[in-house]
Amino acid sequence: MQVLKTKHLGFCFGVRRAINIVLREAEQSGKKIYTIGPIIHNPQMVKDLKEKGIVPVDNVYQIDDGIVVFRTHGIKKDEEAYIKNKGLPIIDTTCPFVKRVRKRAIFLKKNGYKVVIVGDKNHPEVKSVLSYLDNDGIVLQLPTSIKEKKIGVVSQTTQDKETFFNIVRGLIEGVEELRVYNTICHSTEIRQDEAAILASKVDLMLIVGGKNSSNTAKLYNVVKRVQQNSYHIETEKDIMPGWFSGINKIGITGGASTPDHILDIVERRVKNL
Ligand code: SF4
């Protein structure tokens, strides 16, 4: 069997930067470090970090000491205010691409647009952006028309392009003025494009990443449209040998929060089937 990989896979710029900053701080300060929610959506990586004293907490209002990390996809405005008021040391690893979504959304609101965020309303990034609009925004996952004079659109950074463009098309109908910022991040876009191309050349695709990772789930959706024979796996343990009978070419890609060592183990496992 031939095994092919996309050129870009695994940690994106934002995740690599966040992990490096936090690991360096853990080593130098020796203090407990709290992240609000998991710093990245990869259970294996979060477990490794916990062993180094970097602990995710669900409720920010429980934090009374240590260093607080603002994770890559941002935190809510009231959470940020709480931590700042407490005077706790902060490490802000919010990805610059996520800050750009927030900045564009605030700009649109200030200029009289009803803000539409294309994304998942339960994703931390979308919740964060919405909170900076004082929850005065609409989150869309499916095409629909909205009766408004002025609509301004941004996208979750990990949104898939096809869905984003379909939703924008749907909005044109009911609106007098539509202003659109494509804020899908470059890392997401490049991973989706490369994965779709690879999927068209192989008999089976493996998409490696946390089951709770939005960017991996979207990558899987993009690949599945091209190659029905695709599987979203978290680690090599999810691989079923039965998937590979009659298969000659296998493609591997991974989400932006998937560590390199997990990708390497998956590749080795497939090569040894
Ligand atoms: S997926 Fe994009 S926006 Fe998210 S952390 Fe990575 S580079 Fe930043």
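Residues numbered from 1 in each chain as written. Predicted model: local features only at pLDDT ≥ 70, side-chain atom pairs only at ≥ 80, totals over all residues. Heavy atoms only, no water.

Observations regarding the pattern of salt bridges
The tally for this structure, following the rule as stated, stands at 12 salt bridges. In this structure, the salt-bridge partner of Asp193 is Lys161, at a minimum N-O distance of 3.1 Å. Separated by 32 residues along the polypeptide, Asp193 in helix 7 (residues 186-199) and Lys161 in helix 6 (residues 161-172) bring together distant segments of the chain. Each of Lys5, Glu267 and Lys271 takes part in salt bridges that share partners, so that together they form one network. (Salt bridge = Lys/Arg side-chain N within 4 Å of Asp/Glu carboxyl O. Helix = DSSP H or I, 4+ residues; strand = E, 2+ residues; numbered from the N terminus.)

Some thoughts on the domain arrangement of the protein chain
Parsing the protein chain into structural domains produces domain 1 (2-10 + 187-271), domain 2 (13-95) and domain 3 (97-184). Spacing between the C-alpha centres of domain 1 and domain 3 amounts to 29 Å. Taken together, the contact between domain 1 and domain 3 spans nine residues of the former and 10 residues of the latter. Summed over both partners, the interface of domain 1 with domain 3 comes to about 860 Å²; 46% of that surface belongs to carbon and sulfur atoms. Among the residues of domain 1 in contact with domain 3, Glu189, Lys218 and Arg225 are the three that bury the most area, contributing 50% of the side total. On inspection of domain 1 and its partner domain 3, the count reaches four salt bridges. For the pair domain 1 and domain 3, the number of links is six residue pairs in polar contact (both at pLDDT 80 or more). The set of elements that each furnish at least two residues to the side of domain 1 that touches domain 3 consists of helix 7 and helix 8 (214-226). Considering every element that reaches the side of domain 1 that touches domain 3, the biggest residue donor is helix 8, with five residues. In the side of domain 1 that touches domain 3, the residues fall into one nonpolar, four polar and four charged. (Domains from an automatic or database assignment. Contact = heavy atoms within 4.5 Å. Buried area = accessible area lost by both parts, 1.4 Å probe. Polar contact = N/O pair within 3.5 Å; in protein donor to acceptor, adjacent residues only side chain to side chain. Nonpolar A, V, L, I, M, F, W, Y, C, P; charged D, E, K, R; others polar.)

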